[in-house]
Amino acid sequence: MRVYGLKTCDTCRKAMKALEGAELVDVRKDPVPGALLERAQAQFGEALVNRRSTTWRGLDEAERARPPLDLLADHPSLMKRPLIEDGEDLYLGWTPEVQRALGAG
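What comes next is a walk through the structure. (Residues numbered from 1 in each chain as written. Predicted model: local features only at pLDDT ≥ 70, side-chain atom pairs only at ≥ 80, totals over all residues. Heavy atoms only, no water.)

**Thoughts on the sheet that holds strand E3 (residues 83-86)**
Link 1 in the chain: Overall, mixed pairing links the 4 strands, which are arranged E2-E1-E3-E4 in an open sheet. Lying at the two open borders of the sheet, with one neighbouring strand each, are strand E2 (23-26) and strand E4 (89-92). Sheet twist, expressed as the average angle between the axes of neighbouring strands with direction ignored, equals 20°.
Link 2 in the chain: Bridge count between strand E1 (residues 2-5) and E2: 4 bridges; the pairing is parallel. Within E2, the residue paired with Arg2 across the bridge is Glu23.
Link 3 in the chain: Along the sheet, helix H2 (residues 34-44) makes contact with E1, E3 and E4, crossing E4 at roughly 65°. (Pairing = 2+ DSSP bridges. Helix = DSSP H or I, 4+ residues; strand = E, 2+ residues; numbered from the N terminus. Axes fitted to C-alpha atoms, helices over the stretch in contact; angles between N-to-C directions. Contact = heavy atoms within 4.5 Å.)

**A word on the pattern of salt bridges**
Once the charged atoms of two side chains with opposite charge are near each other, the side chains can pair.
Link 1 in the chain: What the rule picks out here adds up to 8 salt bridges.
Link 2 in the chain: Taking the shortest distance from any N to any O, the salt bridge between Glu46 and Arg51 comes out at 2.8 Å.
Link 3 in the chain: Its salt-bridge partner being Glu63, residue Arg66 comes within 3.3 Å of it at the nearest N-O pair.
Link 4 in the chain: Among the residues examined, Glu63 registers a relative accessible area of 24% and is labelled partly exposed.
Link 5 in the chain: Among the charged side chains, a network of salt bridges with common partners joins Glu63, Arg66 and Asp74. (Salt bridge = Lys/Arg side-chain N within 4 Å of Asp/Glu carboxyl O. Buried < 20%, exposed > 50% of the residue type's maximum accessible area, 1.4 Å probe, protein only.)

**Topic: the pairing of E1**
Link 1 in the chain: You can see the chain leave E1, run along helix H1 (residues 10-18) and come back into E2, and the turn it takes is right-handed.
Link 2 in the chain: By the bridge criterion, 3 bridges tie E1 to E3 in an arrangement that is antiparallel. Residue pairing in the sheet places Val3 in a bridge with Ile84 of E3. (Right-handed = clockwise from strand over helix to strand, strands pointing away.)

**Re the side chain of Ser77**
Link 1 in the chain: The residue Ser77 is located in the loop between helix H5 (68-74) and E3 in this model.
Link 2 in the chain: Looking at Ser77, the relative accessible area reads 11%, which means it is buried.
Link 3 in the chain: Excluding residues that lie within four positions of it along the chain, Ser77 makes contacts with Leu6, Arg28 and Thr55.

**Here's the deal with unusual backbone geometry**
Keep in mind that most residues, glycine aside, have a negative phi and that most peptide bonds are trans.
Link 1 in the chain: Following Arg81, the chain continues into Pro82 via a peptide bond in cis, with omega recorded as -15°.
Link 2 in the chain: Counting through the fold element by element, Pro82 comes out in the loop between H5 and E3.

**Considering the environment of Arg100**
Link 1 in the chain: With respect to the element layout, Arg100 can be found in helix H6 (residues 96-101).
Link 2 in the chain: A relative accessible area of 53% places Arg100 in the exposed class.
Link 3 in the chain: Each C-alpha atom of the pair Arg100 and Lys80 lies 19 Å from the other, and the pair is 20 residues apart in sequence.

**Looking at the layout of surface pockets**
Link 1 in the chain: Considering only enclosed or pocket space, the largest pocket measures out at about 190 Å³ in volume.
Link 2 in the chain: In this structure, the largest pocket is lined by 13 residues; those nearest its centre are Thr11, Asn50, Arg52, Lys80 and Arg81.
Link 3 in the chain: Looking at the lining of the largest pocket residue by residue, the class counts come to 5 nonpolar, 4 polar and 4 charged. (1 Å grid on protein atoms, 1.4 Å probe; cavity = no way out; pocket = protein on both sides within 12 Å on 5 of 7 lines; lining within 4 Å. Points joined across faces, edges and corners; volume = space filled by probe spheres on them. Nonpolar A, V, L, I, M, F, W, Y, C, P; charged D, E, K, R; others polar.)

Next up, the structure:
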């Protein structure tokens, strides 16, 4: 199981604590593979981009209008976190539903 997020993100830390044996991939150091990002966008759509983040608020309108995958490639911290890859299954965020699905809630 891989957890894509930021090592400084409190939500990612909570997920890592609950998911024993999971590997944290810090998206600032190691970007999410393109194919995985495409799968995640296909599954989660607009929810993949965190529009409440400080990074988003710092973007101008022209930047915000760019395709989501391009934005995430340039600004990895814009991704809603964590993105969890468990085999072929993907989960986004650390909601009670995600926790139950992964046996951590």
